[in-house]
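Overview (structure and organization)
Letter by letter, the chains look like this.
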Amino acid sequence: MEYNTKKKVGDFVIIGIVGGGASGMAAAIAASEKPDNHVIIFERQARVGRKLSATGNGRCNLSNIYACERGYHGTDESFPAATLSRYSPEDTLSWFHSLGLFTVTEPSGKVYPYSDQANSVVDVLRFALNKPNICLRTGFEVAKIKKTQDGFLAENEAESVFCHKIIIAAGGLAGTKLGGTMAGYKLLRSLGHRVTKLRPSLVQLKSSWRGVTGLKGVRATCNARIMHNGVEKAHSTGEIQFTEYGLSGPVIFEISRDVCQENGDWSCVLDFLPSYSEQELYDEVIRRKTSALCADELLTGILHNRLGRVIVQSAGISLSTPICQLTNEDLHAVCQLVKGLEVTITEPLGMDSAQVTAGGIYTDEFDPQTLESRLVSGLFACGEVLDVDGDCGGYNLQWAWSSGRVAGSCAGRETE
């Protein structure tokens, strides 16, 4: 089914959606709920939902029941409130259940498909798109959008398709290997909109600390504090993972958003025993002074063995030194590092590795109730292309569903 007419046929309205990711599919399904609307999804890749299939290491943390305005960031942090109030996490779960998806909610509020497979989410959306009034145009990269008297022309190198209304749901720049692109920003800029500085968020951090290489693959629960010139900028508690280049894991994603965005000294201070005081730890290790074992065993039973050895070495202690020969000052030094190991941070990994783009199209140029442009009538935007990014744990996909549903339903309304 293709629509190239510049006039309405009967009373139907043609709604074009640029992007077949999470927000674009949500927008298409919402717009198609009015039978007289004819929806065209323009997706530049060979299939829809490719990036969605890879989220959450293939598990797809599709929402968080605690997602609310406080979990989102951008130039105007209050902007998402209206959208989330219209399509809340509860509404989203009901919608997915109506599409046939079974879900499970963890105590943290994270929601996953019951199958634990991201493809289950993509599949129910794909089934929902299989409607007579939805046309899926894969392999169609919209290179230009022209405003006409009656609507818009979505153009690629080969053809021009007329739409009465158009929704930009092209996603952000993050995850370029899976389809992250500048396309949405460029299209909206060509129509008069402005874009903020773009930077990676929910991303791993690089470190110049030498101990990192010996800890590759080690995981630990800790409290992590991001420091800039000695001042705390962010903190979180959870799992950290050491990599060959630095730090990763959920706790790092949570606090990575603004790291190294200013000049100065950046570091991450790690407390590997957040539930114990330094004195409690010292009381334990001093009991071990009677041991005939060497210092490489000092933190056995307390921390991962490799992590324990690196911390002992970082305290200036040879691993072959018998524990019984360690001084009280040695033990205090080890305890201080366990409770506050400072790891230098040089930069975040780039957009290729980021899960989300921080920044985007300025939201003051869109109506928060409808997500319609204040500059161009009939133009809408949703998802990551806007200057809205959420915390780790399902917040960003919740924004995709909520904003996509709002943009699609509002674009699909009767034209006055």
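A quick note: this is a predicted structure, and the numbers were derived from the prediction, not measured.

**Quick look at the overall build of the protein chain**
- Counting its secondary structure elements, the protein chain contains eleven helices and 22 strands.
- With the principal axes as the frame, the protein chain shows a C-alpha extent of 90 × 45 × 35 Å.
- A buried classification covers 55% of the 416 residues belonging to the protein chain.
- When the accessible surface of the protein chain is summed, it comes to about 18,100 Å², and 47% of that surface belongs to carbon and sulfur atoms.
- Averaged over its 41 positive side-chain charges, the protein chain has a centre that lies 5 Å from the centre of its 47 negative ones.

**Remarks on the side chain of Arg199**
- Inspection of the secondary structure assignment puts Arg199 in strand E12 (residues 199-201).
- For Arg199, a relative accessible area of 16% puts it in the buried group.
- One polar contact links Arg199 to Asp258, side chain to side chain, over a distance of 3.1 Å.
- Ignoring anything within four residues of it in the chain, the contact list for Arg199 reads Arg257, Asp258, Gln261, Met351, Val356, Thr357 and Ala358.

**Examining the pattern of salt bridges**
- For the coordinates displayed, the defined rule picks out 20 salt bridges.
- With its nearest N and O atoms 2.9 Å apart, the salt bridge here joins Arg405 to Glu33. Placement of the pair is Arg405 in helix H11 (residues 395-411) and Glu33 in the loop between helix H1 (22-31) and strand E2 (37-43), with a sequence separation of 372 residues.
- Look at Arg405 and you get buried, because its relative accessible area is 8%.
- On the basis of relative accessibility, which here comes to 46%, the residue Glu33 falls in the partly exposed class.
- A salt bridge links Asp258 to Arg199, with the shortest nitrogen-to-oxygen separation between them at 3.1 Å.

The rules behind these values
- Residues numbered from 1 in each chain as written.
- Predicted model: local features only at pLDDT ≥ 70, side-chain atom pairs only at ≥ 80, totals over all residues.
- Heavy atoms only, no water.
- Helix = DSSP H or I, 4+ residues; strand = E, 2+ residues; numbered from the N terminus.
- Buried < 20%, exposed > 50% of the residue type's maximum accessible area, 1.4 Å probe, protein only.
- Areas by Shrake-Rupley, 256 points an atom, 1.4 Å probe, with all protein chains shown as cover.
- Lys, Arg positive; Asp, Glu negative; His and termini not counted.
- Charge placed at Lys NZ, Arg CZ, Asp CG, Glu CD.
- Polar contact = N/O pair within 3.5 Å; in protein donor to acceptor, adjacent residues only side chain to side chain.
- Contact = heavy atoms within 4.5 Å.
- Salt bridge = Lys/Arg side-chain N within 4 Å of Asp/Glu carboxyl O.

Remember that the coordinates give geometry; whether it matters functionally is a separate question.
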